[in-house]
Amino acid sequence: RARCSTLDFELSSQSFFQPNIAQAERLYGLVMERAGKLDDCAVLDLYCGSGTISLQLARLAKSVCGIELAREAVEDAWSNAQRNGIENIEFIAAPAEEVLGQLQSVGRSFDLVVVDPPRAGLHKRVRIALAELHPPKIIYVSCNPYTLAEDLEYLVAGGYVVERMQPVDMFPQTPHCEVVSELTIA
């Protein structure tokens, strides 16, 4: 069980949660700051895990859809939404590269997309689908500067501009950090 940014989270053994709570709060605060005003916005959170970012965004947005491959993490996300009284949210347990095309085919669009992929970065089909979905803003949270650079190169070639990047030192005195990048349509 963990508490982060006034939300309570309960996690199963298969769910990921940032171990450095103080820096996790800083990281999530940066995501919220970069997201900006979300009153009438639909938000998509790819690789949402147990809902740590999704649930915080849902407190500000019209609606949030979180997508995560790990079924146990999605079960935790639903439980965490219920635990925190958040109802304007949905979670889908499936690969992001499969769900994005389905969302587009039924006419779903999003004002903001947040991605927090694993170290391998965005799946190539996710990159393509993001370019087709063409949200006005993308917030990319990365734990791997190499795959972040590759993904940003693709997104910039697709018409996005990197507005800001901010590292967050999750594990002081190690080479590991997270980077929050804000992209907008050029």
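This report concerns the structure included in the present document. Source: prediction; values computed, not measured.

## Here's the deal with the overall build of the protein chain
And then number 1: Scanning the protein chain from N- to C-terminus turns up six helices and nine strands.
And then number 2: For the protein chain, buried positions account for 51% of its 186 residues.
And then number 3: In the protein chain, of all internal contacts separated by at least 6 residues, the share reaching a separation of at least 24 is 66%.

## What to know about the sheet that holds strand β7 (residues 137-142)
And then number 1: Here seven strands make up an open sheet; going across it, the order is β5-β4-β3-β6-β7-β9-β8 and the pairing mixed. Strands at the two margins of the open sheet, each flanked by one partner only, are β5 (89-93) and β8 (160-168). Geometrically, the sheet is characterised by an average inter-axis angle of 15 degrees between neighbouring strands, direction not taken into account.
And then number 2: Along the sheet, helix α4 (residues 96-105) contacts β3 (42-46), β4 (63-68) and β5; its crossing angle with β3, the most-contacted strand, is approximately 155 degrees.

## Things to note about the packing of α4 against helix α5 (residues 124-133)
And then number 1: For the pair α4 and α5, the least separation of the axes is 8 Å and the interaxial angle reads 20 degrees. By the angle class used here, α4 and α5 are roughly parallel. Judged by the sense of rotation from one axis to the other, the crossing of α4 with α5 is left-handed. Here Ala-96, Glu-97, Glu-98, Leu-100 and Gln-104 of α4 lie close against α5, whose contacting residues are Arg-125, Val-126, Ala-129, Glu-132 and Leu-133.
And then number 2: Residues belonging to the contact of α4 with α5 are distributed by class as follows: five nonpolar, one polar and four charged.

## A short note on unusual backbone geometry
Most peptide bonds adopt trans geometry, and most residues besides glycine take a negative phi value.
And then number 1: Of note in this structure, Tyr-47 is not a glycine but carries a positive phi near 65 degrees.
And then number 2: Within the secondary structure, Tyr-47 is located in the loop between β3 and α2 (52-58).
And then number 3: In this structure Tyr-47 comes out as buried when scored by relative accessible area, which is 17%.
And then number 4: In this structure, His-134 is a non-glycine residue whose phi angle is positive, near 50 degrees.
And then number 5: Locating His-134 in the fold gives a position in the loop between α5 and β7.
And then number 6: According to the relative accessible area criterion, His-134 is partly exposed, its value standing at 39%.

## Describing the packing of aromatic side chains
And then number 1: Evaluated as defined, the whole model comprises one aromatic pair.
And then number 2: With a centroid separation of 5.4 Å and 85 degrees between ring planes, the pair formed by Trp-78 and Phe-91 is classed as edge-to-face. Of this pair, Trp-78 sits in helix α3 (residues 71-83) while Phe-91 is found in strand β5, placing the two residues 13 residues apart along the sequence.
And then number 3: Given a relative accessible area of 40%, Trp-78 falls into the partly exposed group.
And then number 4: Classification of Phe-91 by relative accessible area gives buried; the value is 7%.

## As for the environment of Arg-26
And then number 1: Inspection of the secondary structure assignment puts Arg-26 in helix α1 (residues 21-35).
And then number 2: Its relative accessible area of 41% is what places Arg-26 among the partly exposed residues.
And then number 3: The spatial distance from the C-alpha of Arg-26 to the C-alpha of Met-170 is 9.5 Å, given a sequence separation of 144 residues.

What counts, and at which threshold
Residues numbered from 1 in each chain as written. Predicted model: local features only at pLDDT ≥ 70, side-chain atom pairs only at ≥ 80, totals over all residues. Heavy atoms only, no water. Helix = DSSP H or I, 4+ residues; strand = E, 2+ residues; numbered from the N terminus. Buried < 20%, exposed > 50% of the residue type's maximum accessible area, 1.4 Å probe, protein only. Contact = heavy atoms within 4.5 Å. Pairing = 2+ DSSP bridges. Axes fitted to C-alpha atoms, helices over the stretch in contact; angles between N-to-C directions. Parallel < 35°, antiparallel > 145°, perpendicular 65-115°, else oblique. Left-handed = near helix turned anticlockwise from the far one by under 90°. Nonpolar A, V, L, I, M, F, W, Y, C, P; charged D, E, K, R; others polar. Phe/Tyr/Trp six-rings, centres within 6.5 Å; stacked < 30°, edge-to-face > 60°.

Geometry only, nothing functional implied.
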